[in-house]
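Chains, contacts and geometry: an overview
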Amino acid sequence: MSNAGHTVTAIIVAAGRGLRAGGDVPKQWQAVAGKPVLAWTLNRFLNHPEITNIVLVTHPDDAARLAALNLPGRVTTTHGGDTRAASVLNGLAAAMGDIALIHDVARPCVTDQIISDVIHATRDTGAAAPALQVTDALWQGDTHVTGTQDRSGLYRAQTPQGFVLAKILKAHQQFQGVAADDVEVARAAGTTVKIVPGDENNLKITTANDFARAQTLLEAPMIDVRTGNGFDVHRFGEGDHVMLCGVAIPHDRGLQGHSDADVGLHTITDAIYGALGEGDIGQHFPPSDPQWKGAESHIFLTHAVQLAKSKGFTLTHVDCTLICEHPKIGPHTSTLRAKLQTLLGIDLDRISVKATTSERLGFTGRGEGIACMATATLVKP
Ligand code: MG
């Protein structure tokens, strides 16, 4: 089969009444990590870019639960039959397109990689399914071991299993007896099925313990994203340059302050402290302390960056706006960004320096000083 133009329908078999996992509702409707198992499984296929349509095969008794899911239009629903095979057949009859992926609803942790691998191998060879080679020793026995079994060439089968829709539909219509899965049905009709790599995480929820494992796999990692803002003003005084973002810019006046009066670095430093809930620059470096007199302001910035690191945060973005009439900042912004890149140790495309005037209004408009505002974003994975 060629790779282009094929439509792929995922058939999710969810009509079973399985209560082995405990609880008084079928396992696919039990909640794991805040959502029914069925919703997790469905989302895996809804979010996969190569899945065109989805057929969800459900039990008539679950109509109310199904209605509560507010399914998108790409999901067709149909009722299951008395057996899994009958349910699959109903799903296949409702499917459209060239390729059908048949998946057990009880595997909500299926990965994008497995879905892609099954689709691509099915396009190439006509049928494919994921499996894991058996690595544990195999025994026969009851209460005691009575024998061992050679494990070479043995696989543990998973889903989704992929087929040419027309062929698997015909195979199911013709199959007699009870099959372990759809691969057995396809093989009985003469189809060769390629094995693609499965994943240990693609577990089938069967017992109560499996719910705990799935919960761990499905729970979203807690990403802590913080945004802090800073604002600072320094007054003009005597001097021949101003320090902005660690760069000396020639000017006929300087900025007054206890340190080197770098209004840009002070503001960014305060934004980082703000994101951490760690007060402000004056709290960490009191102006009353003579050791900071004339200090280079990158000392303050580095302290804030290190404090963020020590708390497990990564600085991912800084946006800084300098507000003054003179000196003209615009021609210097690329120099200021490059200096900040050195000081902050992050990529240049995560650093923004902008300049604006205040239209000759207010203290900045009258040329009495320079104001600055900044935003810093910190992320803890
Ligand atoms: Mg300041």
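In the block above lies the structure referred to throughout.
About the thresholds
- Residues numbered from 1 in each chain as written.
- Predicted model: local features only at pLDDT ≥ 70, side-chain atom pairs only at ≥ 80, totals over all residues.
- Heavy atoms only, no water.
- Pairing = 2+ DSSP bridges.
- Helix = DSSP H or I, 4+ residues; strand = E, 2+ residues; numbered from the N terminus.
- Contact = heavy atoms within 4.5 Å.
- Axes fitted to C-alpha atoms, helices over the stretch in contact; angles between N-to-C directions.
- Left-handed = near helix turned anticlockwise from the far one by under 90°.
- Nonpolar A, V, L, I, M, F, W, Y, C, P; charged D, E, K, R; others polar.
- Salt bridge = Lys/Arg side-chain N within 4 Å of Asp/Glu carboxyl O.
- Buried < 20%, exposed > 50% of the residue type's maximum accessible area, 1.4 Å probe, protein only.
- Parallel < 35°, antiparallel > 145°, perpendicular 65-115°, else oblique.

1. A word on the sheet that holds strand S18 (residues 351-356)
- Spatially, five strands are ordered S16-S13-S19-S17-S18 in an open sheet, and the strand pairing comes out mixed. Edge positions in the sheet fall to strand S16 (254-255) and S18, since each of these pairs with one other strand and no more.
- Contacts from helix H8 (residues 263-276) reach strand S13 (224-237), S16, strand S17 (314-323) and strand S19 (369-380), with the element oriented near 150 degrees to S13.
- Across the sheet, helix H11 (residues 333-344) is in contact with S17 and S18; its angle to S18 comes to roughly 145 degrees.

2. A short note on the packing of helix H3 (residues 84-94) against helix H5 (residues 165-174)
- Axis separation between H3 and H5 bottoms out at 10 Å; the angle between their running directions is 145 degrees. Judged by the sense of rotation from one axis to the other, the crossing of H3 with H5 is left-handed. For the pair H3 and H5, the contacting residues are Ala85, Val88, Leu89, Leu92 and Ala93 in the first and Leu165, Ile168, Leu169, His172 and Gln173 in the second.
- The residue inventory of the contact of H3 with H5, partitioned by class, reads eight nonpolar, two polar and no charged.

3. A look at the pattern of salt bridges
- Summed over all chains, the structure comprises 11 salt bridges.
- A salt bridge links Glu50 to Arg123; the nearest nitrogen and oxygen atoms lie 3.2 Å apart. Here Arg123 lies in helix H4 (residues 112-125) and Glu50 lies in the loop between helix H1 (37-46) and strand S4 (53-58), a separation of 73 residues in the sequence.
- Exposure remark for Glu50: the relative accessible area of 22% places this residue in the partly exposed category.

4. Section: the pairing of S4
- Extensive coverage of S4 is indicated by the burial of six of its six residues.
- In this structure, strand S1 (residues 8-14) lies alongside S4, joined through six bridges in parallel fashion. Across the sheet, Val13 pairs through a bridge with Val57, a residue of S4.
- Taken together, the five bridges between S4 and strand S5 (residues 75-79) define a ladder with parallel strand orientation. From the neighbouring strand, Thr58 faces S5, where its bridge partner is His79.

5. Looking at the environment of Ile102
- Position of Ile102 among the secondary structure elements: in strand S6 (residues 99-104).
- Exposure remark for Ile102: the relative accessible area of 0% places this residue in the buried category.
- Sequence spacing of Ile102 and Thr159 is 57 residues, and the spatial spacing of their C-alpha atoms is 6.9 Å.
- Beyond its immediate sequence surroundings of up to four residues, Ile102 is in contact with Ile11, Val13, Arg84, Val88, Leu92, Thr159, Pro160, Gln161, Phe163, Ile168 and Asp182.

6. Some details on unusual backbone geometry
- Omega for the peptide link from Thr159 to Pro160 comes to 10 degrees, which places this bond in the cis form.
- Here Pro160 is to be found in the loop between strand S10 (155-157) and strand S11 (161-164).
- At the junction of His326 and Pro327, the peptide bond is cis and its omega measures out at -5 degrees in the coordinates.
- Relative to the assigned elements, Pro327 resides in the loop between S17 and H11.
- Backbone geometry places Ala261, a non-glycine residue, at a positive phi of 65 degrees.

7. Regarding the packing of H8 against helix H10 (residues 298-310)
- It is at 9 Å that the axes of H8 and H10 come closest, and there the two elements cross at 20 degrees. The angle between H8 and H10 places the two elements in the roughly parallel class. The handedness of the crossing between H8 and H10 is left-handed. Contact with H8, carried on its side by Leu265, His266, Ile268, Thr269, Ile272, Tyr273 and Leu276, involves His298, Phe300, Leu301, His303, Ala304, Val305, Leu307 and Ala308 of H10 and no other residues of that element.
- The residue inventory of the contact of H8 with H10, partitioned by class, reads 11 nonpolar, four polar and no charged.

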